[in-house]
Amino acid sequence: SHRGGVCPPDADADATCGRRAAVAAIVAGVGAVRMAVAPPANAIEYGLDYKKELARRRRKIPEEEFTEGPEGLKLYDIVAGTGAEAKVGERVAVHYDVKFRNVTFITSRQGMGVTGGTPVGFNVGTKDGESGSTLPGIDLGVRGMRVGGVRRLIVPPNLAYGERGVGEIPPNATLNIDVELLSIKTSPLGYRTKLVEG
């Protein structure tokens with residue numbers, strides 16, 4: 001018997017014991033290489049303690065701390081961005097999480113692993129239903145944000161899905177939406193441009 005994965009001294013002829021020892025050495029070597037090469041996951045995206053960042057994003061914010069926006073929209077900056085400011089006519093890329101009664105129903109962050117999910121791009125100021133548009137609440141909520149910022153929105157039904165609802169979100173639902181402004185599209189020369197997609 002070879003207890004604990006250790007081969008007895010007279011086991012040179014035992015092929016099974018030799019294979020086990022070789023596999024154990026390879027696995028140990030691969031593990032050592034990964035430990036030496038891979039940086040901590042939280043250092044890649046946040047530079048902060050990941051658990052603290054997650055807790056800050058999930059924190060319940062009293063409604064009185066929100067700023068009144070247009071058409072009944074309410075805004076709260078979780079993280080103030082430091083990059084360029086989003087304005088009407090610009091093409092932006094965002095990550096978002098749509099919540100109804102504190103349950104996330106729609107998100108652009110699925111598959112966060114290596115790919116980071118799929119950001120959503122839209123033209124700020126484009127009317128609902130036109131090519132390049134998004135929910136009116138997200139469109140109005142992203143205006144004035146700076147790249148790198150995270151904003152929580154309380155979106156009334158008239159700026160969300162209205163009377164039609166969508167999926168498990170009922171008609172006339174008020175939504176909580178977290179929006180992270182990732183980038184504003186610029187031309188190779190550095191001038192902001194509007195993308196035409198068709």
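This report concerns the structure included in the present document. (Residues numbered from 1 in each chain as written. Predicted model: local features only at pLDDT ≥ 70, side-chain atom pairs only at ≥ 80, totals over all residues. Heavy atoms only, no water.)

1. With respect to the environment of Thr107
Locating Thr107 in the fold gives a position in strand E4 (residues 103–107). Since its relative accessible area comes to 22%, Thr107 is described here as partly exposed. The contact partners of Thr107, leaving out residues within four places of it in the chain, are Tyr96 and Asp97. Engagement of the side chain of Thr107 in a polar contact is seen with the backbone oxygen of Tyr96, the distance being 3.3 Å. A distance of 2.5 Å separates the side chain of Thr107 from the side chain of Asp97, its partner in a polar contact. (Helix = DSSP H or I, 4+ residues; strand = E, 2+ residues; numbered from the N terminus. Buried < 20%, exposed > 50% of the residue type's maximum accessible area, 1.4 Å probe, protein only. Contact = heavy atoms within 4.5 Å. Polar contact = N/O pair within 3.5 Å; in protein donor to acceptor, adjacent residues only side chain to side chain.)

2. Considerations on the packing of aromatic side chains
Evaluation of the coordinates by the stated rule reveals two aromatic pairs. Look at Phe66 and Tyr76: their rings are 5.7 Å apart centre to centre, the planes differ by 50 degrees, and that puts the pair in the tilted class. With Phe66 in the loop between helix H3 (50–58) and strand E1 (67–68) and Tyr76 in strand E2 (residues 74–79), this pair connects stretches of sequence that are 10 residues apart. Of the two residues, Phe66 and Tyr76, both sit in the buried class. Both rings, one in Phe100 and one in Phe105, keep their centres 6.4 Å apart while their planes meet at 50 degrees; by these two values the pair is tilted. Relative accessible area serves as the criterion here: at 12%, Phe100 is assigned to the buried category. (Phe/Tyr/Trp six-rings, centres within 6.5 Å; stacked < 30°, edge-to-face > 60°.)

3. Details of the nonpolar core
Among the nonpolar cores identified, the biggest contains 27 residues, and Val92, Val142, Leu175, Ile177 and Val179 are the most heavily contacted of them. Those elements that provide at least two residues to this core are strand E3 (91–100), helix H4 (136–142), strand E6 (150–155) and strand E7 (175–184). Not counting chain neighbours up to four residues away, the residues in contact with Leu175 comprise Val98, Lys99, Phe100, Leu153, Ile154, Val155, Ala160, Tyr161 and Ile169. Counting six residues, the second largest nonpolar core, distinct from the first, contains Phe66, Ile78, Val150 and Ile154. (Core = buried A, V, L, I, M, F, W, Y, C linked by side-chain atoms within 4.5 Å.)

4. Quick notes on the side chain of Arg91
Examined against the element boundaries, Arg91 turns out to sit in strand E3. Under the relative-accessibility criterion, Arg91 is labelled buried at 9%. At 3.3 Å, the side chain of Arg91 forms a polar contact with the side chain of Asn123.

5. So, unusual backbone geometry
Only a minority of non-glycine residues have a phi that is not negative, and only a minority of peptide bonds are not trans. Its identity as a non-glycine residue notwithstanding, Arg101 has a phi of 55 degrees, on the positive side. The residue Arg101 is located in the loop between E3 and E4 in this model. Located in the positive-phi region is Asn172, a residue other than glycine, with phi close to 60 degrees. Mapped onto the elements, Asn172 comes out in the loop between E6 and E7.

6. Let's talk about the environment of Val142
Looking at where Val142 falls in the secondary structure, it is placed in helix H4. As for Val142 and Val124, which are separated by 18 residues in sequence, their C-alpha atoms are 7.9 Å apart. In this structure, Val142 is in contact with Ala86, Val94, Phe122, Val124, Arg151, Val179 and Leu181, ignoring residues within four places of it in sequence.

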